[in-house]
Amino acid sequence: SLLITLVFFWIVAIGIAYFLSRSSMKPILKSWKRQRQFSANAAHELRTPLTVIQNQMEYLLTQPKARVVDQVEPISTSLDEVRHLQTLTNRLLMLARSDADIIQINRQSTDLKPWLEHALKPYVEIAASQRKSLVQLIKVTGHGNVDSDLIRQLLIILLDNAIKYTPEGGTVTVSAERVRDKLKLEVRDTGTGIPDADKGRVFERFYRSDKSRNSKTGGNGLGLAIAKWIVTQHHGTITVKDNHPKGTVFAVIIPL
Ligand code: ADP
C-alpha cells in the first residue's frame, strides 16, 4: 500500500505541475514572480541609505565630546538619506497601491492655465537655487478633465529629473498646449541625455541607466514607472526623445 500511496502522490504532483504550466496559469505565475522581484529590489534600495545612517550615528556615538560644528556633516549626510528614504517609501507605496487597484483616479474639471502655473511655481526657485533656469510656455487655456493631484505628481517627477540631470547653467523648459481635445505637456532639458539603448527601459521599475547609476544623482528608478502609470490611468501616452543639440524631451499627451 506504500507503493500505491507513492504512485498516487506522484501522479498528483505531475497533475499539479501540468496545471501550473498551462497557459492560463502563466500570467499568475508571472505576476507572483514580478511581485517577488519587486520586494527584493525594494529591500535592496532601502538597505543602502539605512547603512549610511547607521554608520553616521555610530560615528557620532564614538565622539561624545565633539563640537556641534563637527557634528554638522554626519547629521546632514544622515538627513539627506532620510529624505531619500522618504521619497523611496512614498513611491513604493504608490506603486504597491496601484498594483492593488486601491488608487482611484479622480478626474475633475480644472482651469488648466492657473493650475499649471501654481504647480510650477516652486520649481522656478528650486531650479534657480541650483543655478539652472526654468522656462514656462503655458499656452493652454480653458478647462480640462484631469486628476489634478496625479498630473501634478507626474509633472514633479519629470521636473525633478530634468533639473537633476541638467548641469549648472542649463535650462529646463516646460510647455503646455491644447492639441484638439488633448493636453500636450512637454518637459525639455539641456542635460546629460538618455542613451538610445536605455530609452525603451527608463519606464521600468528600478531601471536606471548606467550613466546615472555611476553618478551621485541619488535616484531610485521608480519615478518614471509612476509617471507611466499616471499617464496610462488617463488613457494618455508618454514618450522620450533627444533634445537638440543636447538633453532630453519627455512628452505627455492626455485626452481631456
Ligand atoms: P531616478 O530616480 O533614477 O531618476 P526615474 O524612474 O525617474 O528614476 O528615471 C529612470 C532613469 O532614467 C534615471 O535613472 C536616468 O538614468 C534616466 N532619466 C530620467 N529622466 C532623465 C533626464 N531628464 N535626463 C537624463 N536621464 C534621465
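Residues numbered from 1 in each chain as written. Predicted model: local features only at pLDDT ≥ 70, side-chain atom pairs only at ≥ 80, totals over all residues. Heavy atoms only, no water.

Under an unreviewed UniProt entry, the name given to the protein chain is histidine kinase, and the organism recorded is Lentilactobacillus diolivorans. What the UniProt record of the protein chain gives under Subcellular location (unreviewed entry) is the line "Membrane". In its Catalytic activity (unreviewed entry) section, the UniProt entry covering the protein chain states "ATP + protein L-histidine = ADP + protein N-phospho-L-histidine." (UniProt positions renumbered as here; feature names shortened; annotations may be inferred.)

A.B. asks: Got a sec to walk through the packing of aromatic side chains? Specific residues and values, please.
C.D. replies: Under the definition given, this model contains three aromatic pairs. With a centroid separation of 5.8 Å and an interplanar angle of 50°, the aromatic rings of Phe 38 and Phe 206 are classed as tilted. Pair noted here: Phe 38 is in helix α2 (residues 26–62) and Phe 206 is in the loop between α6 (196–199) and α7 (210–214), with a separation of 168 residues, a long-range link. Each member of the pair, Phe 38 as well as Phe 206, is classed as buried. Residue placement shows Arg 205 over the ring face of Phe 38; its charged tip is 5.0 Å from the ring centre. A cation over a ring is seen here: Lys 228 above Phe 203, with NZ or CZ 5.5 Å from the ring centre. (Phe/Tyr/Trp six-rings, centres within 6.5 Å; stacked < 30°, edge-to-face > 60°. Helix = DSSP H or I, 4+ residues; strand = E, 2+ residues; numbered from the N terminus. Buried < 20%, exposed > 50% of the residue type's maximum accessible area, 1.4 Å probe, protein only. Lys NZ or Arg CZ within 6 Å of the ring centre and 35° of its normal.)

A.B. asks: Tell me what's going on with the pairing of strand β7 (residues 248–255), and back it up with residues and numbers.
C.D. replies: Every regular strand shows the same layout, with side chains that alternate between the two sheet faces. Burial runs high along β7: six of the eight residues are buried. Bridge analysis of strand β5 (residues 182–189) against β7 gives seven bridges, and the strand direction is antiparallel. Its bridge partner being in β7, Val 187 is matched across the sheet by Phe 250. Relative to β7, strand β6 (residues 237–242) runs antiparallel, the two being bridged by six bridges. Residue pairing across strands places Asp 242 opposite Thr 248, the latter belonging to β7. In this antiparallel pair of consecutive strands, β6 and β7, the connection spans five residues, and Gly 247 shows a positive phi of 110°. (Pairing = 2+ DSSP bridges.)

A.B. asks: I'd love a proper account of the sheet that holds strand β2 (residues 133–138), names of residues and values included.
C.D. replies: Taken in spatial order, the five strands line up as β2-β4-β5-β7-β6 in an open sheet, and their pairing is mixed. The open sheet terminates on both sides in strands that have one partner only, identified here as β2 and β6. Adjacent strand axes in the sheet meet at a mean angle of 15°, parallel and antiparallel pairs treated alike. In this fold helix α4 (residues 112–129) packs onto β2, β4 (171–179) and β5, with an angle of close to 170° to the strand it touches most, β2. Each of β2, β4, β5, β6 and β7 touches helix α5 (residues 148–164); the most contacted strand, β5, lies at about 20° to it. (Axes fitted to C-alpha atoms, helices over the stretch in contact; angles between N-to-C directions. Contact = heavy atoms within 4.5 Å.)

A.B. asks: An account of the confidence of the model for the protein chain is needed here, citing residue identities and associated values.
C.D. replies: Considering every residue of the protein chain, the mean pLDDT works out to 92; 97% of them sit at 70 or more. Under the prediction, the complex receives an ipTM of 0.98, its pTM being 0.85. (pLDDT = per-residue confidence, 0-100.)

A.B. asks: Lay out the nonpolar core with the relevant residues and their values.
C.D. replies: In this structure, Leu 154 and Ile 238 are the most contacted members of the largest nonpolar core, which totals 48 residues. Take this core: its biggest share by element is nine residues, from α5. Excluding residues that lie within four positions of it along the chain, Leu 154 makes contacts with Ala 227, Ile 230, Val 231, Ile 238 and Val 252. (Core = buried A, V, L, I, M, F, W, Y, C linked by side-chain atoms within 4.5 Å.)

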